[in-house]
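# Fold and geometry: a report
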Amino acid sequence: MSAPSAALQRLRLRTELRRARVAADLTQRQVAAKMEWSPSKLIRIEAGEVGISVNDLRPLLAAYGIGDRRKIDALLDLARGSRKMPFTEFRDVYGKEFLQFLALESAASIIRHYGSLVIPGLLQTEEYARAVMTAYDKGVSDEALDRAVEARLTRQEVLSAEGGRQLFFILDESVVRRRVGGRGVMRAQLERLAELATEPHINIQVLPFSIGTHPAMQGPFTLFEFEAEEMPDSLYLEDPRGGTYAGNSAEETGRYLGTFWELEDLAIKDEAGVVLPRLAARMGEGSDDLETLMESEAE
């Protein structure tokens, strides 16, 4: 998968460059002065927001005192492979923070998401996505809306089974009950969820109202895990205004991973694969109460 490879290589490169600067006992300002760069250029490179050319990387490594030929060649290869990041063609749609999120999403080997408000973007149908985006911005133009939908559907390429990626989603009952776009749009969306849930690498569970309070009531979150050992797990939290908080401390990601596992135990175990299809059918019929559905399944 070329796009995830580019994202992962940039993530690896930024980690190695930070590590090399710290080992050389240099501050970002000192390095920028040595390289005759603006401090913001180095900050953006270390944040993974921009790539670095081979011509810039060679003197940077010299400034860090790296002379081992194999080490230099390995870092140069990472720089070459990371130049084309995924989704950069959608800079007109996404801000730099969300582009960073997409880079991690495309490179992760395991994705875990808890959703409490809407169907996750990775799972949305085109009609559902349009309804959500229109609700967020009533004045959006048709052109901007089409562009945003195109970006969202392109993002869904990570749902492919290629590369051995595993995806886990836990959705609050309100997410599958809220009639976004009307009953027809919502029924089609639920049918899409039911279809995706049959894929062996995709797991979708529903957290019912009946459990009451639970550990994730503060809001949605996403966890990314990577095959590369040097890449730390990453956490993204979403706020009601659409902003995000990102973190990768082992303590924080570990705490949220534990929360996700708790939610898995609390969520409906639909081993027979009947809940989402039946819920989609009942949405179309006007009888979409999840508790009633579960009671009828038990009878």
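### Section: the packing of helix α7 (residues 126-136) against helix α8 (residues 142-155)
In contact at an axis separation of 10 Å, α7 and α8 are set at 130° when each is read in the N-to-C sense. Classified by the angle between their axes, α7 and α8 sit oblique to one another. Here α7 runs over α8; the crossing is right-handed. Residue-level inspection shows Glu126, Ala129, Arg130, Met133 and Thr134 of α7 in contact with α8, the latter providing Leu145, Asp146, Ala148, Val149, Arg152 and Leu153. In the contact of α7 with α8, the residues fall into six nonpolar, one polar and four charged.

### Some details on the nonpolar core
Grouped together as the largest cluster of nonpolar side chains are 45 residues, with contacts concentrated most on Leu123, Leu190, Leu193, Ile204, Phe224 and Phe226. For this core, the elements supplying multiple residues, two or more each, are α1 (2-23), α6 (96-107), α7, β2 (166-172), α9 (173-177), α10 (183-196), β3 (202-207) and α12 (275-285). Top element by residues in this core is α6. It accounts for six residues. For phenylalanine 226, the contacting residues outside a window of four places in its chain are Leu8, Leu11, Leu104, Ala107, Ala108, Ser109, Met231, Pro232, Asp233 and Ser234. With 21 residues, the next largest nonpolar core counts Val31, Leu42, Leu57 and Ala79 among its residues.

### Comments concerning the environment of isoleucine 72
By the element assignment, isoleucine 72 lies in helix α5 (residues 69-81). Residue isoleucine 72 is classed as buried on the basis of its relative accessible area of 10%. Through-space distance from the C-alpha of isoleucine 72 to that of leucine 57 is 9.2 Å; in sequence the pair is 15 residues apart. Each residue touching isoleucine 72, except ones within four places of it in the same chain, is listed here: Leu61, Ile66 and Gly67.

### Thoughts on the pairing of β2
Of all seven residues in β2, six are buried; the element is thus mostly enclosed. Pairing geometry for strand β1 (residues 110-115) and β2, over six bridges, is parallel. Opposite isoleucine 111, over in β2, you have leucine 167 as the bridge partner.

### Some points on unusual backbone geometry
Residues other than glycine predominantly adopt negative phi, and peptide bonds predominantly adopt the trans conformation. Positive phi, normally seen in glycine, also occurs at aspartate 25, with a value near 60°. Residue placement: aspartate 25 occurs in the loop between α1 and α2 (28-35). Phi at glutamate 36 takes a positive value of approximately 60°, unusual for a residue other than glycine. Positionally, glutamate 36 belongs in the loop between α2 and α3 (39-46). Given the relative accessible area of 75%, glutamate 36 is considered exposed.

### Here we look at α10
Side chains three or four residues apart in an α-helix point the same way, a direct result of the helix having 3.6 residues per turn. Between its first and last C-alpha, α10 extends 20 Å over 14 residues, near the 20 Å set by a 1.5 Å rise per residue. Three or more residues of α10 are buried, namely Met186, Gln189, Leu190, Leu193, Ala194 and Leu196. Seen along its axis, α10 keeps its buried residues to an arc of 165°; they face one direction. Of the surrounding elements, those touching the buried residues of α10 are α7, β2, α9, β3 and α12.

### Digging into the packing of aromatic side chains
Throughout the structure, instances matching the rule amount to eight aromatic pairs. When the centroid spacing of 6.0 Å and the interplanar angle of 40° are considered together, the rings of tyrosine 114 and phenylalanine 221 count as tilted. Of the two residues, tyrosine 114 is situated in strand β1 and phenylalanine 221 in strand β4 (residues 221-225); the sequence distance between them amounts to 107 residues. There is no split in this pair, since tyrosine 114 and phenylalanine 221 are both buried. Plain terms: the ring middles of phenylalanine 221 and tyrosine 256 are 5.0 Å apart, the flat faces sit at 65° to each other, and that makes the pair edge-to-face.

### Some points on the pattern of salt bridges
This structure, assessed with the given rule, holds 15 salt bridges. Of the charged contacts, one joins arginine 69 and aspartate 73 as a salt bridge, the two residues approaching to 3.5 Å between their closest N and O atoms. Taken together, the positions of arginine 69 and aspartate 73, both in helix α5 and four residues apart, correspond to about one turn of that helix. Between arginine 192 and glutamate 195 there is a salt bridge whose closest N-O contact spans 3.7 Å. Placement of the pair is arginine 192 and glutamate 195 together in helix α10, with a separation of three residues, close to one helical turn. One salt-bridge network, held together by shared partners, links Glu16, Arg19 and Lys71.

Definitions and cut-offs
- Residues numbered from 1 in each chain as written.
- Predicted model: local features only at pLDDT ≥ 70, side-chain atom pairs only at ≥ 80, totals over all residues.
- Heavy atoms only, no water.
- Axes fitted to C-alpha atoms, helices over the stretch in contact; angles between N-to-C directions.
- Helix = DSSP H or I, 4+ residues; strand = E, 2+ residues; numbered from the N terminus.
- Parallel < 35°, antiparallel > 145°, perpendicular 65-115°, else oblique.
- Left-handed = near helix turned anticlockwise from the far one by under 90°.
- Contact = heavy atoms within 4.5 Å.
- Nonpolar A, V, L, I, M, F, W, Y, C, P; charged D, E, K, R; others polar.
- Core = buried A, V, L, I, M, F, W, Y, C linked by side-chain atoms within 4.5 Å.
- Buried < 20%, exposed > 50% of the residue type's maximum accessible area, 1.4 Å probe, protein only.
- Pairing = 2+ DSSP bridges.
- Expected span 1.5 Å × (residues − 1).
- Arc of directions from axis to C-beta.
- Phe/Tyr/Trp six-rings, centres within 6.5 Å; stacked < 30°, edge-to-face > 60°.
- Salt bridge = Lys/Arg side-chain N within 4 Å of Asp/Glu carboxyl O.

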